[in-house]
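One-letter residues, chain by chain:
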Amino acid sequence: MRNTIDPQYYELEKGSSWPSWNDFLNGAYTDDEIVNNELDSFVSRYAYTVHKELDIDNHIFPLFPPLLYKLHYPFNYKILKPLIDAKINSCIQNSPNVGGNNIISMAFDHSGTYPHTWPEMHGFARFINQAIEEIKQKNLMSESTHTISSSWLVKSNEGGFATEHNHVPCTFAVVAYIRASEGAGKLVFRDPLEYHKGNYPLPSYFPEKMLRREVEVRTNDVLIFPGFMYHYTTPHPNKNDDRISFALNIHCDMPEPDTYHLHED
Ligand SMILES: [Fe+2]
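**Student:** Sorry, what's going on with the overall build of the protein chain here?
**Tutor:** Tallying secondary structure elements over the protein chain gives six helices and nine strands in all. Counting the 265 residues in the protein chain, one finds 25% classified as buried. For the protein chain, the share of sequence-separated contacts (at least 6 apart) that also reach a separation of at least 24 residues comes to 79%.

Have a look at this one:
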């Protein structure tokens, strides 16, 4: 039973101080909630309270909600392939500098015909919108609106790869693999807390290994992550099959208030 602690937390909402450590140790919560590890109990208590008051399922503040989501969507490659080829070819012809080179081709333009607006992609766009709604909740952004602000296609031939980059200022980035056969390479993320881990014991033989996470990718994998996360791809090793990825940028914004009340003194 947690009834005995409720008043404290209502006070907290009004801006009073947090309960002290002694409050917790002196019976501010009941015995059945005291677990062997007192620190765990302390943390879980705050987590419970915030969950109850703010209706979230994370810690005091969701400092570390999941950063990377891996979903699956059944793309119809047979239908999409001619559209993708045409889009990439037209982009290369119109903007050879943007189009890429002989190992990687990008279809990125600002003409308003982003691939996510194709009728053949409507189902996928709905799928992404639903996923973003859930991810926003975990990041305390449920009140915000979101839009898919741009999207582009990348075709990697043998040896093709993307250098390290992020998607700032977009809030979330999506990378979907429309085509990625077995062994098609990896998407590698850099630990966003890298600069804060200067005192962590890193292996001297390869410290970078601790700060990166490699994610295998296959056809129909959909990865969603914050736009601030640095990432890159390993070279596509397969000369018999292209790797085709579909990237989308998601922007989240808080809605403007309807009216502003101006007061004259
Ligand atoms: Fe990217």
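**Student:** What should I look at first to understand the nonpolar core in this one?
**Tutor:** General note: in soluble globular proteins, nonpolar side chains tend to be found buried as a group. Within the largest apolar cluster, 34 residues are counted, with the highest numbers of intra-cluster contacts made by Phe-172, Val-174 and Ala-247. When residues of this core are traced back to their parent elements, those giving at least two are helix H4 (77-94), helix H6 (122-138), strand E3 (145-156), strand E4 (172-179), strand E7 (221-226) and strand E9 (243-253). Ranked by residues supplied to this core, first place goes to E4 with seven residues. Once residues lying within four places of it in the same chain are set aside, the contact partners of Phe-172 are Ile-132, Ile-135, Ile-224, Phe-225, Pro-226, Gly-227 and Ile-250.

**Student:** How should the pairing of strand E5 (residues 186-190) be read in this particular structure?
**Tutor:** Each regular strand displays side chains that alternate between the two surfaces of the sheet. Here E5 shows one buried face, formed by Leu-187 and Phe-189, and one open face, formed by Lys-186, Val-188 and Arg-190. Alignment of E5 against strand E6 (residues 212-216), held across five bridges, turns out to be antiparallel. When the bridges of E6 are listed, Leu-187 appears paired with Val-215. The pairing of E5 with strand E8 (residues 231-233) spans three bridges and is classified as antiparallel. Paired with Phe-189 across the two strands is His-231, which belongs to E8.

**Student:** Explain the sheet that holds E8 to me, please; I cannot follow it from the model alone.
**Tutor:** Hydrogen bonding along the main chain pairs the strands of a sheet, whether they run parallel or antiparallel. Sheet architecture is open: three strands sit in the order E6-E5-E8, paired in antiparallel fashion. Bordering the open sheet on either side are E6 and E8, each of which pairs with just one other strand. Strand-to-strand twist across the sheet, computed as the mean angle between neighbouring axes with direction ignored, equals 20 degrees.

**Student:** Just checking my understanding: could you explain H6 for this structure?
**Tutor:** Given 3.6 residues to a turn, an α-helix orients residues that are three or four positions apart in the same direction. Compared with an ideal rise of 1.5 Å per residue, which puts 17 residues at 24 Å, H6 spans 25 Å between its outermost C-alpha atoms and is within 8% of the ideal. Listed as buried for H6 are Phe-124, Ile-128, Ile-132 and Ile-135. Looking down the long axis of H6, one finds its buried residues gathered within 75 degrees of arc, a one-sided arrangement. Among the exposed residues of H6, those pointing more than 90 degrees away from its buried face are His-122, Arg-126, Gln-130, Glu-133 and Glu-134. Of the surrounding elements, those touching the buried residues of H6 are strand E1 (69-72), E3, E4, E7 and E9.

**Student:** When you look at the confidence of the model for the protein chain in this model, what are you seeing that I'm missing?
**Tutor:** When the pLDDT values of the protein chain are averaged, the result is 74; 64% of them are 70 or greater. Per-element mean pLDDT across the protein chain ranges from 38 in helix H1 (residues 6-13) up to 96 in E4. Under a pLDDT of 50 for its full length, residues 56-60 has, in the predicted model, 13 contacts with residues more than four places off or in other chains.

**Student:** I tried to follow the environment of Ile-135 on my own but got confused; where do I start?
**Tutor:** If you trace the backbone, Ile-135 turns up in helix H6. According to the C-beta neighbour criterion, Ile-135 is buried, with 22 such atoms within 10 Å. Discounting chain neighbours no more than four positions away, the residues touching Ile-135 are Tyr-69, Phe-172 and Ile-224.

Thresholds applied
Residues numbered from 1 in each chain as written. Predicted model: local features only at pLDDT ≥ 70, side-chain atom pairs only at ≥ 80, totals over all residues. Helix = DSSP H or I, 4+ residues; strand = E, 2+ residues; numbered from the N terminus. Buried ≥ 20, exposed ≤ 12 C-beta atoms within 10 Å, placed from the backbone. Contact = placed C-beta atoms within 7 Å. Core = buried A, V, L, I, M, F, W, Y, C linked by C-beta atoms within 7 Å. Pairing = 2+ DSSP bridges. Axes fitted to C-alpha atoms, helices over the stretch in contact; angles between N-to-C directions. Expected span 1.5 Å × (residues − 1). Arc of directions from axis to C-beta. pLDDT = per-residue confidence, 0-100.

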